[in-house]
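Next come the chains, spelled out residue by residue.
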4 protein chains.
Amino acid sequence: MLTGIKMAVLGGDARMVEVISHALDLDASVYLIGFEDLEINMADAVKTNLTPDILRDLDALILPVTGMGDDWTIVSKYSARPITLSDDHFANLSKRCKIFTGIARTVLNETCRRHGLKLVKLMELDEVAILNSIPSAEGAIQMAMENTDFTIHGSEIAVLGFGRCGITLARMCAGIGAKVKVGARKESDLARIVEMGFQAFPLSQISYELQQTDIVFNTVPAQILTSEVLSRMKKSCVIIDIASSPGGTDFRFAEKRGIKALLAPSLPGIVAPKTAGQIIAKTICRLVLDHA
Amino acid sequence: MLTGIKMAVLGGDARMVEVISHALDLDASVYLIGFEDLEINMADAVKTNLTPDILRDLDALILPVTGMGDDWTIVSKYSARPITLSDDHFANLSKRCKIFTGIARTVLNETCRRHGLKLVKLMELDEVAILNSIPSAEGAIQMAMENTDFTIHGSEIAVLGFGRCGITLARMCAGIGAKVKVGARKESDLARIVEMGFQAFPLSQISYELQQTDIVFNTVPAQILTSEVLSRMKKSCVIIDIASSPGGTDFRFAEKRGIKALLAPSLPGIVAPKTAGQIIAKTICRLVLDHA
Amino acid sequence: MLTGIKMAVLGGDARMVEVISHALDLDASVYLIGFEDLEINMADAVKTNLTPDILRDLDALILPVTGMGDDWTIVSKYSARPITLSDDHFANLSKRCKIFTGIARTVLNETCRRHGLKLVKLMELDEVAILNSIPSAEGAIQMAMENTDFTIHGSEIAVLGFGRCGITLARMCAGIGAKVKVGARKESDLARIVEMGFQAFPLSQISYELQQTDIVFNTVPAQILTSEVLSRMKKSCVIIDIASSPGGTDFRFAEKRGIKALLAPSLPGIVAPKTAGQIIAKTICRLVLDHA
Amino acid sequence: MLTGIKMAVLGGDARMVEVISHALDLDASVYLIGFEDLEINMADAVKTNLTPDILRDLDALILPVTGMGDDWTIVSKYSARPITLSDDHFANLSKRCKIFTGIARTVLNETCRRHGLKLVKLMELDEVAILNSIPSAEGAIQMAMENTDFTIHGSEIAVLGFGRCGITLARMCAGIGAKVKVGARKESDLARIVEMGFQAFPLSQISYELQQTDIVFNTVPAQILTSEVLSRMKKSCVIIDIASSPGGTDFRFAEKRGIKALLAPSLPGIVAPKTAGQIIAKTICRLVLDHA
Ligand SMILES: NC(=O)c1ccc[n+]([C@@H]2O[C@H](COP(=O)([O-])OP(=O)(O)OC[C@H]3O[C@@H](n4cnc5c(N)ncnc54)[C@H](OP(=O)(O)O)[C@@H]3O)[C@@H](O)[C@H]2O)c1
Ligand SMILES: NC(=O)c1ccc[n+]([C@@H]2O[C@H](COP(=O)([O-])OP(=O)(O)OC[C@H]3O[C@@H](n4cnc5c(N)ncnc54)[C@H](OP(=O)(O)O)[C@@H]3O)[C@@H](O)[C@H]2O)c1
Ligand SMILES: NC(=O)c1ccc[n+]([C@@H]2O[C@H](COP(=O)([O-])OP(=O)(O)OC[C@H]3O[C@@H](n4cnc5c(N)ncnc54)[C@H](OP(=O)(O)O)[C@@H]3O)[C@@H](O)[C@H]2O)c1
Ligand SMILES: NC(=O)c1ccc[n+]([C@@H]2O[C@H](COP(=O)([O-])OP(=O)(O)OC[C@H]3O[C@@H](n4cnc5c(N)ncnc54)[C@H](OP(=O)(O)O)[C@@H]3O)[C@@H](O)[C@H]2O)c1
């Protein structure tokens, strides 16, 4: 339980509603800033402004997944105007207050460092990345379903990379009934791929291995689907590239060759904001609790 | 191989293109009727009309999945006008010619009976229904993904019915990572549900069992999601009803209660026409071959 | 609950202890006949003899899985001497009393028929056969593990037959990580085999399909592993034949060729008597309850 | 291919036969030392002694999985007497020669270091440990099957630790049909456990979580199954402890409480020497090749 704990949530999207609701379930006191348009009827949730009084008392300050812009603004789906922070706001925070954000840009990093404030970048936590791989993988599979005229079941599917997202994608595709091969560069990854029942190949042999593939899911944030690789793939192959922008595909060449290749950014918040919000909510509450 | 076999394909949708292509791969001679708008560059495929000469020589006459209307017309996606058959056409067919259709309405049934022609209703074949359960299940899962803000993984999913579609749906949902319970009325089905690792419940207890469910897939073609059952379900639950029209849901009450309930007809042809076409193609060619 | 229900258990093996214990849990009154050596400290379980008084009052008479011999004797693991029944015993039973047995030989069948008594042959019930396929399959896999110097994981495994046991065996072997192919003769079975992610082959092609197989599990009660098939298999292949005696293997030829082939009878009672007993226990109690 | 490569294999067990056979398949020249009793009819395999000439020319010297004793002896299953090495043998090796062993004791480590020789400890390689987890897990499951009177399917199974062996064990048990919970201490492990569909619990809650467990597989090499934990477990629970000796169980207390607890050392070489040998064989040949 978070009884007695004071948290402020500053803007964000549907995921933050899960954070608010989970924190309230655990009996925290929650201040909502930038939620004018959110209809919520929960006791202990107070819509308010960022006054020095509130800031001084906080145990946790929760920023959106996208964090604070380098122009000190924070975007909220539930407010007409962005929230603007200032150095003063941070100065007012108590040293025991933890600041949570998805990712952190320069100014946020700098400011927290300068004020000696603990900044938790949720998207960098391995556990969050693993749990987020679930909505990411489902979103990618949904995109594949929507962009093919054949089933996942029975298809030859290649997953590139066997990190947090690659493992989940491979497991789910096989669970549906696809023939899954996975490319990785580490011998230990190739061993685990075999253990889990997928076909393993070293990424060095990628251009040979993708020739019969129907769907490629890329998770490697480096251009590995080069023109050379693409030129040997089937024209009917569909590529879902979830690696962080600009992805791992030579999109220009893919288009030229007539291969449908889609860059798929920020899937969790788009396809399953509720699940994505719960992941964040549980992690924040656990971390607040751990050190409370 | 189907060398020497003569087949005519009469209209239809994208699935028929797979039939044509598979038959040609097996070296059959294929006449295309009602495919003016289809661009196809395959030798041995002849766009033509239904002349008595052609009909007399046929080993197989292939109608669309939807069959022939009781007004003797056949719809083709690849032709501006429908094809109109007549009793004469059937009279011209040789007795060894097999007629393939997905489903058969009264007039088609009657006419074949009268002329002593063998009519194969593909959608009634158990093997076709089982293979078709694959695109059906994937289509239903895609709909569930598109209509929820949470993931399939980790959700409480109920599958109603454990026939051809129910088995496939349960297996795929569990393969993605859902917590799957399945309702059936036969003790032997309940035993197999347990063996396959799902939670089993008798359909008689449906209103008790669905109270915590996040997604319901219905495959039972009888109204089992009654207002009484619906009234005890979570409002956030999503129902994907794939049972043949009118489905198994009291849609009126579902809407009143604010439960999203979707009737999902004809999924294979919509979500995966290529796979659905290959299923039909392989079965037709196998059956032609069996008795050639 | 079975409150007020009177049951008598006549001999048997460890499985019957589960029946006794489950019936007592459901509040039945249970008479134990032929259990002198069983240490049991449960109220409501009465060790006794087959007196007419007791017989007249029974709702259920439970014989061992192996039933009654044609010499009217019943074997009990928990008694030095066998129990001997007579026609009088059956004559004393009330018409509402159900007799449960695993299998029934001639005399038992005849006697029940003559007295108009309802005889339930548990091993013939589809639900029991399906649930029993679980200990059967695990027992067969255990035998395969014990008789190979390689792992199930990664092996080429063939399952012959896709009935109650075949489905379970295929699923479990794949679950461990084997490459599983399944042979069946029905097109609908081949379709389901594909849907479940195994490789399917028609049994007509068995001698071609088994050439690279490392382990064969046979469930077909007909000699399909003929000398011709065996002669083309790898010498290192191991056959676990669970089909009812004499199995489906030409054991003489297998030995000659140096292929290890094992007939595996009555696995559930041997490898998992507790589970096997619970399956029987639940079914008996459900059937007593259904009509009570 | 290993054409032109010269390897010597010194003693060992059945696993070394796989190494010899795989190296020969890749066209290496292989000297066998300590294999008098092995019947092998392969060209290019030469049974010989450790002469300076041979040693000088070697690209790889392969010791058994158990390595060299601190008394300089090497045990061979295929020789009546152990092989005794000396410092001179190592002095004769070329600097490019790699020495492969499963594990290395003090003297072997020291000697290689002194002579500047590259020593590869196979059992410390992550890829080998992962692949070895397959026979280890199967062996542990086989032991569980042999030591229970119930099935794995349907049982409540707890796996302790989610490292190389824990992942494999959990996956296989679930594949058979068990209800699997996994205990780990890292949040990222708990996240992956959830993703893979098992129930996750922090090891700090072990004594609470094991109360209903039927089978425990321990992979944690630290005493976590303490008397306190054991005292709250079911007496019928079976523990298979595969952690390196002395395991993670208070075996004395387990016995006292009547819980069957088994320490399971060196499973791969015992239950699946062929598979275990192939794992080693492939890794050695790949490493020789990488730098050849
Ligand atoms: N679109 C979305 O919604 C979404 C959601 C989540 C993640 N992502 C993005 O997806 C990507 C994967 O995320 P993740 O969490 O799975 O990351 P991860 O755990 O770090 O996995 C990355 C994988 O790529 C491999 N890799 C990295 N660089 C490589 C290179 N130069 N050559 C070959 N292989 C390389 C890694 O192999 P090694 O282990 O050998 O380095 C690893 O297998 C990231 O770019 C992430 O930002 C996108
Ligand atoms: N939307 C689509 O794209 C699509 C695709 C394929 C199929 N379908 C439709 O989906 C439905 C299921 O197809 P299927 O191939 O799975 O059929 P199926 O194999 O016959 O399975 C039907 C299931 O429903 C149960 N059932 C039928 N009537 C019942 C009743 N009155 N009460 C309780 N249970 C009942 C059956 O149980 P018993 O075995 O005990 O009878 C069986 O478990 C059909 O209506 C079919 O037309 C739709
Ligand atoms: N050893 C044990 O502990 C143990 C335990 C359980 C069962 N069993 C025995 O194992 C066998 C299988 O049991 P089950 O419950 O799985 O039976 P089942 O459900 O009837 O399955 C039998 C399978 O064999 C096929 N088959 C039967 N006769 C055939 C033939 N002549 N040619 C080709 N295929 C044929 C059936 O195909 P169709 O559907 O096309 O007929 C079906 O796939 C039985 O003999 C049973 O007594 C042994
Ligand atoms: N019997 C056999 O045939 C056989 C075969 C293979 C391996 N083994 C033995 O089995 C054990 C596991 O092998 P492995 O390859 O799976 O090792 P591993 O990958 O290192 O996994 C060990 C697991 O134990 C956990 N762990 C270690 N120390 C712990 C502690 N003090 N408290 C809580 N958790 C702890 C680790 O968690 P962290 O990641 O948090 O450290 C990890 O989850 C080893 O002892 C190994 O020698 C035996």
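Residues numbered from 1 in each chain as written. Chains lettered and ligands numbered in written order. Predicted model: local features only at pLDDT ≥ 70, side-chain atom pairs only at ≥ 80, totals over all residues. Heavy atoms only, no water.

- The name an unreviewed UniProt entry assigns to chain A is Dipicolinate synthase subunit A, from the organism Effusibacillus lacus.

Notes on the state of the cysteines
All names here are of chain B.
Link 1 in the chain: Counted under the stated rule, the structure contains 0 disulfides over all chains.
Link 2 in the chain: Free cysteine: Cys 165, not disulfide-bonded; nearest cysteine sulfur from Cys 173 at 12 Å.
Link 3 in the chain: Judged by relative accessible area, which is 22%, Cys 165 ranks as partly exposed.
Link 4 in the chain: The cysteine Cys 237 is free of any disulfide, with Cys 173 supplying the nearest cysteine sulfur at 12 Å.
Link 5 in the chain: Take Cys 237: its relative accessible area is 0%, and that puts it in the buried class. (Disulfide = S-S within 2.5 Å. Buried < 20%, exposed > 50% of the residue type's maximum accessible area, 1.4 Å probe, protein only.)

Considerations on the pairing of strand β13 (residues 238-241) of chain C
Residues and elements named next belong to chain C.
Link 1 in the chain: In β13, alternate side chains face the same way, and those of Val 238 and Ile 240 on one face and Ile 239 and Asp 241 on the other are all buried.
Link 2 in the chain: Sheet topology note: the strand β12 (residues 215-218)/β13 ladder contains 4 bridges and is parallel. Residue pairing across strands places Ile 215 opposite Val 238, the latter belonging to β13.
Link 3 in the chain: Relative to strand β14 (residues 260-263), β13 is paired through 4 bridges, and the arrangement is parallel. Across the sheet, Ile 239 pairs through a bridge with Ala 261, a residue of β14.
Link 4 in the chain: Since β13 and β14 lie parallel, the crossover through helix α10 (residues 251-257) that links them has a hand, and here it is right-handed. (Helix = DSSP H or I, 4+ residues; strand = E, 2+ residues; numbered from the N terminus. Pairing = 2+ DSSP bridges. Right-handed = clockwise from strand over helix to strand, strands pointing away.)

Re helix α6 (residues 164-176) of chain A
All names here are of chain A.
Link 1 in the chain: If you check α6, its first and last C-alpha atoms are 19 Å apart, about what 13 residues at 1.5 Å a residue would give, namely 18 Å.
Link 2 in the chain: In terms of burial, α6 is a largely internal element, 10 of the 13 residues being buried.
Link 3 in the chain: Residue Gly 177 follows α6 closely and has a positive phi angle near 130°. (Expected span 1.5 Å × (residues − 1).)

Considerations on the pairing of strand β11 (residues 199-202) of chain B
All names here are of chain B.
Link 1 in the chain: Pairing of strand β10 (residues 179-184) with β11, which is carried by 4 bridges, proceeds in the parallel orientation. For Ala 184, the partnering residue across the bridge sits in β11 and is Pro 202.
Link 2 in the chain: For the segment spanning β10, helix α7 (residues 187-195) and β11, crossover handedness is right-handed.

Points about the relation of the copies chain B and chain A
The relation between the two copies of this chain is a rotation about an axis and a shift parallel to it.
Link 1 in the chain: Between chain B and chain A, the superposition needs a rotation of 180° and an axial shift of 0.0 Å, giving an RMSD of 0.0 Å. Given the turn and translation reported, the copies of this chain are related as if by a two-fold rotation axis. No C-alpha of chain B lies nearer the rotation axis than that of Gly175(B), which sits 1.8 Å from it.
Link 2 in the chain: With an isologous cut-off of 70% or more, the 100% of interface residues of chain B that recur at the interface of chain A puts this contact in the isologous class. (Least-squares fit on C-alpha atoms with pLDDT ≥ 70 in both. Contact = heavy atoms within 4.5 Å.)

Some words on the site of ligand 2
Residue and element names in this part refer to chain B.
Link 1 in the chain: Around ligand 2 there are 21 residues in total, and Arg 164, Cys 165, Lys 186, Ala 264 and Leu 267 lie nearest to it.
Link 2 in the chain: Here an oxygen atom of ligand 2 and a side-chain polar atom of Arg 164 are 2.7 Å apart.
Link 3 in the chain: Note that an oxygen atom of ligand 2 is positioned 2.8 Å from one of the side-chain N or O atoms of Arg 185.
Link 4 in the chain: Protein burial of ligand 2: of its 920 Å² of free accessible surface, 74% is covered by the chains. (Near = heavy atom within 4 Å. Polar contact = N/O pair within 3.5 Å; in protein donor to acceptor, adjacent residues only side chain to side chain. Areas by Shrake-Rupley, 256 points an atom, 1.4 Å probe, with all protein chains shown as cover.)

Here's the deal with the pattern of salt bridges
Link 1 in the chain: With the rule as written, the count across this model stands at 64 salt bridges over all chains.
Link 2 in the chain: Glu209(D) is the salt-bridge partner of Lys181(D), the closest N and O atoms lying 2.8 Å from each other. Residue Lys181(D) is found in strand β10 (residues 179-184), and its partner Glu209(D) is found in helix α8 (residues 206-209); the two are separated by 28 residues along the sequence. Of the two residues examined, Lys181(D) and Glu209(D), each falls in the buried class.
Link 3 in the chain: In this structure, a network of salt bridges that share partners links the residues Glu127(A), Arg286(A), Asp290(A) and Glu187(D). (Salt bridge = Lys/Arg side-chain N within 4 Å of Asp/Glu carboxyl O.)

Considerations on the interface of chain C and chain B
Link 1 in the chain: The partner chain B presents 19 residues to the 19 residues of chain C that form the contact.
Link 2 in the chain: For the pairing of chain C and chain B, the buried interface totals around 1600 Å² over both sides, and the portion due to carbon and sulfur atoms is 62%.
Link 3 in the chain: In this assembly, chain C and chain B are joined by 4 salt bridges.
Link 4 in the chain: Between Glu195(C) and Arg171(B) there is a salt bridge, with the nearest N and O atoms lying 2.7 Å from each other.
Link 5 in the chain: Between the two partners, chain C and chain B, sit 8 residue pairs in polar contact (both at pLDDT 80 or more).
Link 6 in the chain: Sorting the residues of the side of chain C that touches chain B by element identifies α5 (126-146), α6 (164-176) and α7 (187-195) of chain C as the ones contributing at least two each.
Link 7 in the chain: Considering only residue class, the side of chain C that touches chain B consists of 7 nonpolar, 4 polar and 8 charged. (Buried area = accessible area lost by both parts, 1.4 Å probe. Nonpolar A, V, L, I, M, F, W, Y, C, P; charged D, E, K, R; others polar.)

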